[in-house]
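The chain contents come next:
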Amino acid sequence: MKIILLTELKGRGGEGDVIEVKTGFAVNYLFPRKIAIEATPGNLKQLEQRRHNIRQREDVRLAEAGDFRNLLEGKKVVIKVKVGEAGRLFGSVTPMMIAEAIKDQLGVEVDRRKIETRGMIKTTGSHLAELMVYRDIKADFSIDVVAEGEEAEISEEEAALAAEVEAAKSGVEPELEEGEETAESGDENTSEAQEDISDLPDEEASK
């Protein structure tokens, strides 16, 4: 059946997009969660009347997503774990663990459901990962998995970033070398300005 998206549906589209999905998926999942409504003639007419506002909101979302990507792109987070022989983990590194490390070390809150890794992380070392920010905008970053009691090597840039995050938490400005400028804090979360169109009339009730 054809539906109108009220918000982003990962891999399928964003607000105002008209797509086709299986009826069961729409009725049991999308409609109850107000992710979409049925693409009835009445709803499609209302949609066309709101196209301008939807485009404006979409432009804002894309700009914010680009800014958010820059906060994480190319960065590295360290996760300390218990390991056994040959650097094998007891279990694996989960998206929740990665999200918490990003928040603690970079000062950025992310949705763990949008974190993707190249397979399960079950060994120490460096691993690549990405955050699906919005639509096709994504941020690539790395994860250093180290055994508890060991320290990961960090660059001067990463050390400076960690100092800024700690200073932001304590409310104290970090000391700078002569001629060095204060970097902007990267703990700003994206705000999604969205006007819900879930009140669109559904003129064709299911019979």
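For the structure itself, consult the block above.
So, how was this worked out
- All residue numbers refer to position in the chain's written sequence, counted from 1.
- Reporting of local features is limited, given that this is a predicted model, to residues whose pLDDT is at least 70; pairs of side-chain atoms are given and counted only at 80 or more, and all residues count toward the totals for whole chains, interfaces and linings.
- Each side-chain value is derived from all of the structure's non-hydrogen atoms; neither hydrogens nor water enter the calculation.
- Working definition: helices are DSSP H or I runs of at least four residues, strands are E runs of at least two. Numbering for both runs from the N terminus.
- Should any heavy atoms of two residues lie within 4.5 Å, those residues are considered in contact.
- Only the protein chains shown count as cover for residues, with accessible areas throughout obtained via the Shrake-Rupley method and a probe of 1.4 Å.
- Whether a set of points on the 1 Å grid over the protein atoms alone is a cavity depends on a 1.4 Å probe fitting there but being unable to get out, while an open set qualifies as a pocket with protein on both sides within 12 Å along at least five of seven lines; lining residues are those with an atom within 4 Å of a point.
- Grid points are joined across faces, edges and corners, and a volume is the space filled by probe spheres set on the points.
- Charged residues are taken to be Asp, Glu, Lys and Arg, nonpolar residues to be Ala, Val, Leu, Ile, Met, Phe, Trp, Tyr, Cys and Pro, and polar residues to be all remaining types, Gly included.
- Any residue under 20% of the maximum accessible area for its type is buried, any over 50% is exposed, and the rest in between are partly exposed; the area is computed with a 1.4 Å probe on protein chains only.
- Read the arc as the range of directions from the helix axis to the C-beta atoms.
- Note on pairing: DSSP must find at least two bridges between two strands before they are called paired.
- Every angle, taken between N-to-C directions, lies between 0 and 180 degrees, and every axis is a line fitted to C-alpha atoms, over only the stretch in contact when it is a helix.
- We define a nonpolar core as any set of buried Ala, Val, Leu, Ile, Met, Phe, Trp, Tyr and Cys residues linked to one another through side-chain atoms lying within 4.5 Å.
- Pairs were defined over the aromatic rings of Phe, Tyr and Trp, the Trp ring being its six-membered one, requiring ring centres within 6.5 Å. Orientation was assigned from the angle between planes: stacked under 30 degrees, edge-to-face over 60, tilted for the rest.
- A pair is scored as a salt bridge if a Lys or Arg side-chain nitrogen falls within 4 Å of a carboxyl oxygen belonging to Asp or Glu.

A. Structural context of the overall build of the chain. Of the regular secondary structure elements, the chain holds five helices and nine strands. Mapped in sequence order, the helices and strands of the chain form the string β-β-α-β-α-α-β-β-α-β-β-β-β-α. Considering only residue pairs separated by 6 or more positions, the chain has 62% of its internal contacts joining residues 24 or more positions apart. Summed over all atoms, the accessible surface of the chain reaches about 13,100 Å², with 47% contributed by carbon and sulfur.

B. Representation of the layout of surface pockets. Looking at the largest pocket, its volume works out to about 510 Å³. Lining the largest pocket are 17 residues, and of these Glu8, Leu9, Lys10, Asp111 and Lys114 sit closest to its centre. Here the lining of the largest pocket takes three residues from strand E8 (residues 125-134), the largest share from any one element. Here the residues of the lining of the largest pocket are counted per class, giving six nonpolar, three polar and eight charged.

C. Fine view of helix H2 (residues 41-49). Residues of H2 that are buried include every one of Gly42, Asn43 and Leu47, and no others. Within H2, the buried residues cover an arc of 140° as seen down the axis, which keeps them to one side. Seen from the open side of H2, the exposed residues pointing more than 90 degrees away from its buried face are Pro41, Lys45, Glu48 and Gln49. Along its buried surface, H2 packs onto strand E1 (2-5), strand E2 (18-20), strand E3 (36-38) and helix H3 (51-72).

D. Fine view of the sheet that holds strand E9 (residues 137-147). Ordered in space as E4-E9-E8-E6, the four strands form an open sheet in which the pairing is mixed. The open sheet has two free edges, formed respectively by strand E4 (76-81) and strand E6 (115-117), since each of these has just one partner strand. Across this sheet, the average inter-strand angle for adjacent strands is 35°, counted without regard to direction. With nine bridges connecting them, E8 and E9 associate as antiparallel partners. Looking across to E9, one finds that Gly125 is bridged to Val145. Sheet strands in contact with helix H4 (residues 95-106) are E4, E6 and E9, and its direction is about 120° off that of E4.

E. Quick peek at the nonpolar core. Among the nonpolar cores identified, the biggest contains 26 residues, and Ile102, Phe141 and Ile143 are the most heavily contacted of them. Sorting the residues of this core by element identifies H3, E4, strand E5 (88-93), H4, E8 and E9 as the ones contributing at least two each. Every residue in contact with Phe141, bar those within four places of it in the chain, is listed here: Leu72, Gly74, Lys75, Ile98, Ile102, Ile115, His127, Leu128, Ala129, Glu130 and Leu131. Listed in part, the nine residues of the second largest apolar core include Leu5, Val21, Ala26 and Leu30.

F. Representation of the pairing of E9 in the model. Most of E9 sits out of view: nine of its eleven residues are buried. Bridge analysis of E4 against E9 gives six bridges, and the strand direction is parallel. Directly across from Ile79, in E9, lies its bridge partner Val145. Linking E8 to E9, which pair antiparallel, is a turn of two residues; within it Arg135 sits at a positive phi near 50°.

G. Structural detail: the packing of aromatic side chains. As enumerated under the stated definition, the model contains one aromatic pair in all. Taking the centre distance of 5.4 Å and the plane angle of 10° together, the rings of Phe25 and Tyr29 count as stacked. With a gap of four residues between them, Phe25 and Tyr29 both fall in helix H1 (residues 23-30), about one helical turn apart.

H. Just the pattern of salt bridges, in detail. Evaluation of the coordinates by the stated rule reveals twelve salt bridges. Residue Glu109 pairs with Lys103 through a salt bridge whose shortest N-O separation is 3.6 Å. Of the residues examined, Glu109 reaches a relative accessible area of 44% and is grouped as partly exposed. The exposure class of Lys103 is partly exposed, given its relative accessible area of 43%. Linking Lys138 and Glu130 is a salt bridge whose minimum nitrogen-to-oxygen distance equals 3.3 Å. Assessed through its relative accessible area of 18%, Glu130 is described here as buried. Ionic contacts of the salt-bridge type, sharing partners, join the residues Glu15, Asp17, Arg57, Glu58, Arg61 and Arg135 into one network.

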